[in-house]
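Below, each chain spelled out in residue letters.
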Amino acid sequence: MDIESGLIPVAEVAEAVDGFLAASPAARAWDVETAFDWDRADAGLLTEGQRSAVQFVTLIEDHLPGYFDVYHRYFPTDDSVDAATFVHNRELYHFTVRWALEEDTHARALTRYQEASGMAERGALRTELAVEGQRPFDLPYEHPVQFFAYALVQEKATQMYYQHLREVAGDPVLGAVLSRLSRDEARHFSFMADVVGRYLRVHGDNVVEPIREVIATFRMPLADTMRGYWRWALKIADVADYDHTEAYEHLVKVIDRAVDARTDRVDELVRFIDRCRTVA
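Residues numbered from 1 in each chain as written. Predicted model: local features only at pLDDT ≥ 70, side-chain atom pairs only at ≥ 80, totals over all residues. Heavy atoms only, no water.

Participant: For this particular structure, what's the right way to read the overall build of the protein?
Facilitator: The helix and strand inventory of the protein stands at eleven helices and zero strands. Over its C-alpha atoms the protein spans a radius of gyration of 19 Å, differing by no more than 12% from the 19 Å that the globule rule assigns to 280 residues. Referenced to the eigenvectors of the C-alpha coordinate spread, the extents of the protein come out at roughly 55 × 45 × 35 Å. For the protein, with 280 residues in total, the buried portion stands at 52%. Taking as baseline every contact in the protein between residues at least 6 positions apart, the subset at least 24 positions apart corresponds to 84%. As displayed, the protein has an accessible area near 13,000 Å², and 49% of this comes from carbon and sulfur atoms. Of the side chains in the protein, 30 bear a positive and 48 a negative charge, and the two mean positions are spaced by 4 Å. (Helix = DSSP H or I, 4+ residues; strand = E, 2+ residues; numbered from the N terminus. Rg over C-alpha atoms; globule rule 2.2 N^0.38 Å. Buried < 20%, exposed > 50% of the residue type's maximum accessible area, 1.4 Å probe, protein only. Contact = heavy atoms within 4.5 Å. Areas by Shrake-Rupley, 256 points an atom, 1.4 Å probe, with all protein chains shown as cover. Lys, Arg positive; Asp, Glu negative; His and termini not counted. Charge placed at Lys NZ, Arg CZ, Asp CG, Glu CD.)

Participant: For this particular structure, what's the right way to read the packing of helix 1 (residues 10-22) against helix 7 (residues 172-203)?
Facilitator: Running from N to C, helix 1 and helix 7 point in directions that differ by 160°, and their axes come no closer than 10 Å. When the axes of helix 1 and helix 7 are compared, the pair comes out roughly antiparallel. Like other packed secondary-structure pairs, helix 1 and helix 7 cross with a definite hand, here right-handed. Every residue of helix 7 that contacts helix 1 at Glu 12, Glu 15, Ala 16, Val 17 and Phe 20 is listed here: Arg 187, His 188, Phe 191, Asp 194, Val 195, Arg 198 and Val 202. Its residues assigned to classes, the contact of helix 1 with helix 7 shows six nonpolar, one polar and five charged. (Axes fitted to C-alpha atoms, helices over the stretch in contact; angles between N-to-C directions. Parallel < 35°, antiparallel > 145°, perpendicular 65-115°, else oblique. Left-handed = near helix turned anticlockwise from the far one by under 90°. Nonpolar A, V, L, I, M, F, W, Y, C, P; charged D, E, K, R; others polar.)

Participant: Help me understand unusual backbone geometry in this model?
Facilitator: Among all residues save glycine, negative phi is the norm, and among peptide bonds the norm is trans. Positive phi is not limited to glycine here, since Leu 222 has a value of about 75°. With respect to the element layout, Leu 222 can be found in the loop between helix 8 (208-216) and helix 9 (229-239).

Participant: For this particular structure, what's the right way to read the pattern of salt bridges?
Facilitator: Charged atoms that come close allow side chains of opposite charge to pair. Tallied over the full model, the rule gives 16 salt bridges. Here the residues in one salt-bridge network are Glu 12, Glu 15, Asp 194 and Arg 198, joined through shared partners. (Salt bridge = Lys/Arg side-chain N within 4 Å of Asp/Glu carboxyl O.)

Participant: How should I be thinking about the packing of helix 3 (residues 64-74) against helix 4 (residues 83-117) in this particular structure?
Facilitator: Each packed pair of helices is defined by two parameters, the angle between the axes and the distance between the axes. Look at helix 3 against helix 4: their axes get within 10 Å of each other, and the N-to-C directions meet at 175°. Between helix 3 and helix 4, the crossing angle belongs to the class labelled roughly antiparallel. Listed contacts from helix 4 to Leu 64, Tyr 67, Phe 68 and Tyr 71 of helix 3 are Tyr 93, Thr 96, Val 97, Trp 99, Ala 100, Glu 103 and Asp 104. Looking at the contact of helix 3 with helix 4 residue by residue, the class counts come to eight nonpolar, one polar and two charged.

Participant: Honestly, the environment of Leu 92 in this entry has me stumped. Any pointers?
Facilitator: Locating Leu 92 in the fold gives a position in helix 4. What makes Leu 92 buried here is its relative accessible area of 3%. Placed 82 residues apart in sequence, Leu 92 and Val 10 show a C-alpha to C-alpha distance of 8.9 Å. The residues touching Leu 92, leaving out its near neighbours within four places in the chain, are Val 13, Val 17, Phe 75, Phe 148 and Phe 191.

Participant: Would you mind going over helix 2 (residues 48-61) with me for this structure?
Facilitator: Helical geometry: 3.6 residues make up each α-helical turn, so side chains three or four residues apart lie on a common side. End to end, helix 2 covers 20 Å across 14 residues, agreeing with the expected 20 Å (1.5 Å per residue, within 8%). Of all the 14 residues making up helix 2, eleven are buried; the element is thus mostly covered by neighbouring parts of the structure. Within helix 2, burial applies to Gly 49, Gln 50, Ser 52, Ala 53, Val 54, Phe 56, Val 57, Thr 58, Leu 59, Ile 60 and Glu 61. Where helix 2 is buried, its residues touch helix 3, helix 4, helix 5 (122-133), helix 6 (144-168), helix 7 and helix 9. (Expected span 1.5 Å × (residues − 1).)

Participant: Explain the packing of aromatic side chains to me, please; I cannot follow it from the model alone.
Facilitator: Between two aromatic rings, the relevant description is the distance of the centres plus the angle of the planes. With the rule as written, the count across this model stands at 20 aromatic pairs. Each residue in the set Tyr 71, Tyr 74, Phe 75, Trp 99, Tyr 141, Phe 147, Phe 148, Tyr 150, Tyr 199 and Phe 218 is aromatic and connected to the rest through ring pairs, giving one cluster. A cation sits over an aromatic face here: Arg 212 above Phe 272, 3.9 Å from the ring centre. (Phe/Tyr/Trp six-rings, centres within 6.5 Å; stacked < 30°, edge-to-face > 60°. Lys NZ or Arg CZ within 6 Å of the ring centre and 35° of its normal.)

Participant: I keep staring at the environment of Thr 127 and nothing clicks. Help me out?
Facilitator: Within the secondary structure, Thr 127 sits in helix 5. Thr 127 gets classed as exposed once you look at its relative accessible area, which sits at 54%. Along the chain, Thr 127 and Val 195 lie 68 residues apart, while their C-alpha atoms are 37 Å from each other.

If you want it as structure tokens, here you go:
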């Protein structure tokens, strides 16, 4: 894949990364061990559906090694790329390594909740997570903007679901965990939105079709590899409002902010996104 040809200037990436890191100072960081009163975690306060939702999102978050590897493979920081591309990818790496740390913390927090609340025994849970964790994950895109457009939708959809689940969760400890997770996902979304906006301003109509392809083929992580994914996804949607296409509205807002004067191609992209929301 000749992904290098579609990159934005390194200064654009650096500004986006600097903005994200400035909004994520060390003082705002949290850790799994001390952020929550684990002794009060009680799965008995949850409905069967709420427990199922926790199990589902734990599996999704725990696949972090697969997600992180996608960025390592498509934006490598080694001698497989030229110097200019390396510089671009090295700047992006400052984000992805922080993002990976935060997402891994999410996986650990949800795993810890299952253990502390009595939902699962630690050893058995490790084995259960490994079943999905070993399955391959890929985003076989051809244009760099697609990796950010995909993550924009995925991060916003996840943030919204955590907020909805928090509102109905019977256990206050779970509610506190979900609050932390949703705030992190909101920052991750903001970074992806910033980068997608920069691609639109730099490349204009040339990124319209790649973004359209992302929406046309969108699947949430593990949708094509996890056995029983769709049945389980429908079940958790009944527990707390969940529809990933709600996030499409936020993509349209990114486009509106980035494009001063819409072209016919951009107008068609927005109409297509709106139709996808309506069909869903």
